[in-house]
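# Working through the structure, step by step
The lines below spell out each chain.
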Amino acid sequence: MVQEPGAPWWRDAVVYQIYPRSFADGTGDGVGDLSGIRAHLDYLADLGVDAIWLSPIYPSPMADNGYDVSDYCDIDPVFGDLATFDALLAEAHARDIKVLLDWVPNHTSDQHPWFVASRSSRGNPKRDWYYWRDGRDADNPDTAPPNNWRAAFGGIAWTWDEPTQQWYLHNFLPQQPDLNWNHQEVVEAMHATLRFWLDRGVDGFRMDVIHMIGKDPELPDAPPAEANTNRVVFNDYPGTHALLRGIRKVLDSYPGDRTAVGEVNLRDTDRIVTYYGRDDELPLVFNFNSVRIGWDAAEWSALVDEVERYYVGDRWPVWVLSNHDIVRHRTRYGGSEARARAAAVLLLTLRGTPFLYAGEELGLCNAEVPPEQAHDPGGRDGCRAPIPWTADAAHGWTGATPWLPFPPDADRLNATTETGDDKSMLALYRALLRVRRASPALRRGELTRVDAPAGVLRYTRTHNDDSCTVIVNFNHFDVDVPLDNCTVVIDSNHTGNPVYDGRVGAETAVVVRPSVGP
Ligand code: GLC
């Protein structure tokens, strides 16, 4: 990786999210695994990503596909074992690819030994590691839960435990009880889980719903208008920030700029940026407003302006279009290949660290998952379909039938076919990553938005004497955006014209820079 002196590696990085169940199957059981990832590290190196983030690979009953962890310090047998993980880490590092794990601190599995102990009796020493409360009605304690919070996948956020006659809190599934971060032993035990992986050499973590770990110990009712979303009382509770500073100290006690990217699922950018702290909380924080807006120049311009306004000093933006929780962006943008190509240019040229979601470089849409094949309680299977590696019917998944159906058009949209086609989506992503790697302006430069015709987003990126202009035409017709004497670096529509002629095609993005020489 080309790195500015003194800059942490993650500022210059492009991170690639792997959903391990769906990436590649090394054992032939129809579920992706660590040996499958090992077998495709050269693909990732050729693509040009700097780091991979693995969604959870820990032992888990899989009620939420691994986001219900029953042991933070091991590997689920479906994915492999610690020796396979160590080999993967070493092989990734040998290719200059960093590895981030997904850390799930807000809740454990109900099968985690901590919760099993906590649930066993009111007097158990781990009872207070979770939130246990009496019902509201002392005479009928099992009828009314302790407060009005709703769980993320529906229903109330509490489950009654008959043997110990109390309710426990779970903001997600009943199989995902919330850990009590107000208890110092929980803080220490969770720090130890970070150290376990940092000692093994991982480069950092994606931190699951990290904005939720701090909670008002009174667990007050949410205001009625917010009872369905539980905002404020457990999202964005001020006490979370002290916990984040403690977590950051653990990361900073290791050499090599170990990093963390926080999943902070808040709406307001001015609130999201508070999770950077004064450079003493999270190094990186997702801002999901980019996945909430559509294919719309005005909305993107407003978001870019907002990010430029709030991400000052050490607050470094993070950009994302797709992940394992949301409909793939190509599908959101109406299935259009042109839009997905232009969006790739946008994602990889904005100021900040881009996160790619495995398969977007192939132009994948969401899969259609019939109800009898559905797995996810949150209805998110469509974006978790297996990655097609080859054009034949098995698509590189040569053993048992994969756990979910493939995305549409996998005979065309697969890694092998696209590797052989210099106009494919994969070729575009590779070219973009190459250009970005070679350009200090695209990696580190300031961003200035420039006025443009209706339906067009235009900005420049500048760093010392390196400068690029990006023009994204959201319209379904060509537009004129005249610029003197410029060379085309990237054209999402691969017209192949090296000299910029002032015209940008429909739903096309171009990157241009001043021509050198006479
Ligand atoms: C995060 C994860 C999601 C999971 C939830 C509960 O939002 O991205 O997949 O279901 O947290 O852990």
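Residues numbered from 1 in each chain as written. Predicted model: local features only at pLDDT ≥ 70, side-chain atom pairs only at ≥ 80, totals over all residues. Heavy atoms only, no water.

It is worth spelling out the overall build of the protein chain at this point. Looking only at helices and strands, one finds 15 helices and 18 strands in the protein chain. Relative to the compact-globule value of 24 Å for 518 residues, the protein chain shows a C-alpha radius of gyration of 24 Å, a close match. Counting only C-alpha atoms and orienting by the principal axes, one finds that the protein chain spans roughly 85 × 50 × 45 Å. Taking all 518 residues of the protein chain together, the buried fraction comes to 58%. In the protein chain, the share of contacts with a sequence separation of at least 24, taken over all contacts with a separation of at least 6, comes to 66%. Total accessible area computed for the protein chain in this model is approximately 19300 Å², and 50% of it derives from carbon and sulfur atoms. (Helix = DSSP H or I, 4+ residues; strand = E, 2+ residues; numbered from the N terminus. Rg over C-alpha atoms; globule rule 2.2 N^0.38 Å. Buried < 20%, exposed > 50% of the residue type's maximum accessible area, 1.4 Å probe, protein only. Contact = heavy atoms within 4.5 Å. Areas by Shrake-Rupley, 256 points an atom, 1.4 Å probe, with all protein chains shown as cover.)

With that settled, the discussion passes to the state of the cysteines. For the structure shown, the criterion picks out 0 disulfides. Among the cysteines around Cys 365, which has no disulfide bond, Cys 383 carries the closest sulfur, lying 12 Å off. For Cys 365, a relative accessible area of 16% gives the class buried. With no disulfide partner, Cys 486 has as its closest neighbouring cysteine sulfur the one in Cys 468, 9.9 Å distant. (Disulfide = S-S within 2.5 Å.)

Taken together, 14 residues are adjacent to the ligand, and Asp 64, His 107, Asp 208, Glu 263 and Asp 325 come closest. Separating an oxygen atom of the ligand from a side-chain N or O atom of Arg 206 is a distance of 2.9 Å. Separating an oxygen atom of the ligand from a side-chain N or O atom of His 324 is a distance of 2.9 Å. Protein chains bury 96% of the 310 Å² of accessible surface belonging to the ligand in isolation. Grouping the constituent residues of the shell around the ligand by class yields 4 nonpolar, 3 polar and 7 charged. (Near = heavy atom within 4 Å. Polar contact = N/O pair within 3.5 Å; in protein donor to acceptor, adjacent residues only side chain to side chain. Nonpolar A, V, L, I, M, F, W, Y, C, P; charged D, E, K, R; others polar.)

By volume, the second largest pocket is sized at about 320 Å³. Taken together, 18 residues make up the lining of the second largest pocket; nearest its centre are Val 489, Ile 490, Asp 491, His 494 and Gly 496. Considering every element that reaches the lining of the second largest pocket, the biggest residue donor is helix α14 (residues 425-438), with 5 residues. A class-by-class count of the residues in the lining of the second largest pocket yields 7 nonpolar, 5 polar and 6 charged. Counting contributing residues, the lining of the second largest pocket receives three or more from each of domain 1 (13-108 + 184-434) and domain 3 (446-514). (1 Å grid on protein atoms, 1.4 Å probe; cavity = no way out; pocket = protein on both sides within 12 Å on 5 of 7 lines; lining within 4 Å. Points joined across faces, edges and corners; volume = space filled by probe spheres on them. Domains from an automatic or database assignment.)

Before going further, it helps to spend a moment on the sheet that holds strand β6 (residues 166-169). With antiparallel pairing, 3 strands are arranged side by side in an open sheet as β4-β6-β5. On the outer flanks of this sheet lie β4 (132-133) and β5 (158-161), each paired with one strand and no other. Pairing geometry for β4 and β6, over 2 bridges, is antiparallel. Across the sheet, the residue bridging to Arg 133 is Trp 167, located in β6. (Pairing = 2+ DSSP bridges.)

What follows concerns the domain arrangement of the protein chain. In terms of domain boundaries, the protein chain breaks down into domain 1 (13-108 + 184-434), domain 2 (113-169) and domain 3 (446-514). Placing the centre of domain 1 and that of domain 3 at their C-alpha centroids yields a distance of 29 Å. Facing the 22 residues of domain 1 at the interface are 19 residues of domain 3. In this structure, Arg 339 and Glu 507 form a salt bridge, with 2.7 Å as the shortest nitrogen-oxygen distance. Counting only elements with at least two residues in the side of domain 1 that touches domain 3, the list comes to α10 (297-310), α12 (337-349) and α14. Across the side of domain 1 that touches domain 3, the residue classes tally to 12 nonpolar, 3 polar and 7 charged. (Salt bridge = Lys/Arg side-chain N within 4 Å of Asp/Glu carboxyl O.)

In this section: the pattern of salt bridges. For the structure on display, the rule yields 31 salt bridges. Arg 271 is the salt-bridge partner of Asp 236, the closest N and O atoms lying 2.9 Å from each other. Here the residue Asp 236 occupies a position in the loop between β7 (204-207) and α7 (240-252), and Arg 271 occupies one in helix α8 (residues 269-272), the gap between them amounting to 35 residues. For Glu 281, the salt bridge identified is with Arg 245, shortest N-O distance 3.1 Å. Of this pair, Glu 281 sits in the loop between α8 and β9 (284-285) while Arg 245 sits in helix α7, and the two are 36 residues apart along the sequence. With relative accessibility at 33%, the residue Arg 245 sits in the partly exposed group. Put simply, Asp 64, Asp 325, Asp 376, Arg 380 and Arg 384 are held in one network by salt bridges that share partners.

Applying the stated rule across the entire model yields 24 aromatic pairs. Aromatic pair Phe 115 and Trp 132: ring centres 5.7 Å apart, planes at 5°, arrangement stacked. Here Trp 132 lies in strand β4 and Phe 115 lies in helix α5 (residues 113-120), a separation of 17 residues in the sequence. Between Phe 115 and Tyr 168, the aromatic rings sit 4.9 Å apart at their centres with planes inclined by 65°, giving edge-to-face as the arrangement. In this pair, Phe 115 is assigned in helix α5 and Tyr 168 in strand β6, connecting sequence segments 53 residues apart. The exposure class of Tyr 168 is buried, given its relative accessible area of 3%. Ring pairs connect the aromatic residues Tyr 58, Tyr 72, Phe 85, Trp 114, Trp 129, Phe 196 and Trp 197, which therefore count as one cluster. Sitting over the face of the ring of Trp 403, Arg 21 holds its NZ or CZ atom 4.6 Å from the ring centroid. (Phe/Tyr/Trp six-rings, centres within 6.5 Å; stacked < 30°, edge-to-face > 60°. Lys NZ or Arg CZ within 6 Å of the ring centre and 35° of its normal.)

Along β6, one buried face is formed by Gln 166 and Tyr 168 and the opposite face, lined by Trp 167 and Leu 169, is buried too. Direction of pairing for β5 relative to β6: antiparallel, over a ladder of 4 bridges. The residue bridging Trp 160 from the neighbouring strand is Trp 167, located in β6. Hairpin geometry of β5 and β6 is characterised by an intervening segment of 4 residues between the two adjacent antiparallel strands and by a positive phi of about 55° at Gln 165.

Across the sheet, 8 strands lie side by side as β9-β8-β7-β3-β2-β1-β11-β10; this open sheet has parallel pairing. Of all strands in the sheet, those with a lone pairing partner are β9 and β10 (318-320), marking the two edges. By the bridge criterion, 4 bridges tie strand β3 (residues 98-103) to β7 in an arrangement that is parallel. Counterpart to Leu 101 in the pairing with β7 is Phe 205. Where helix α4 (residues 82-94) meets the sheet, it contacts β2 (51-54) and β3, and its direction lies at approximately 140° from that of β3. (Axes fitted to C-alpha atoms, helices over the stretch in contact; angles between N-to-C directions.)

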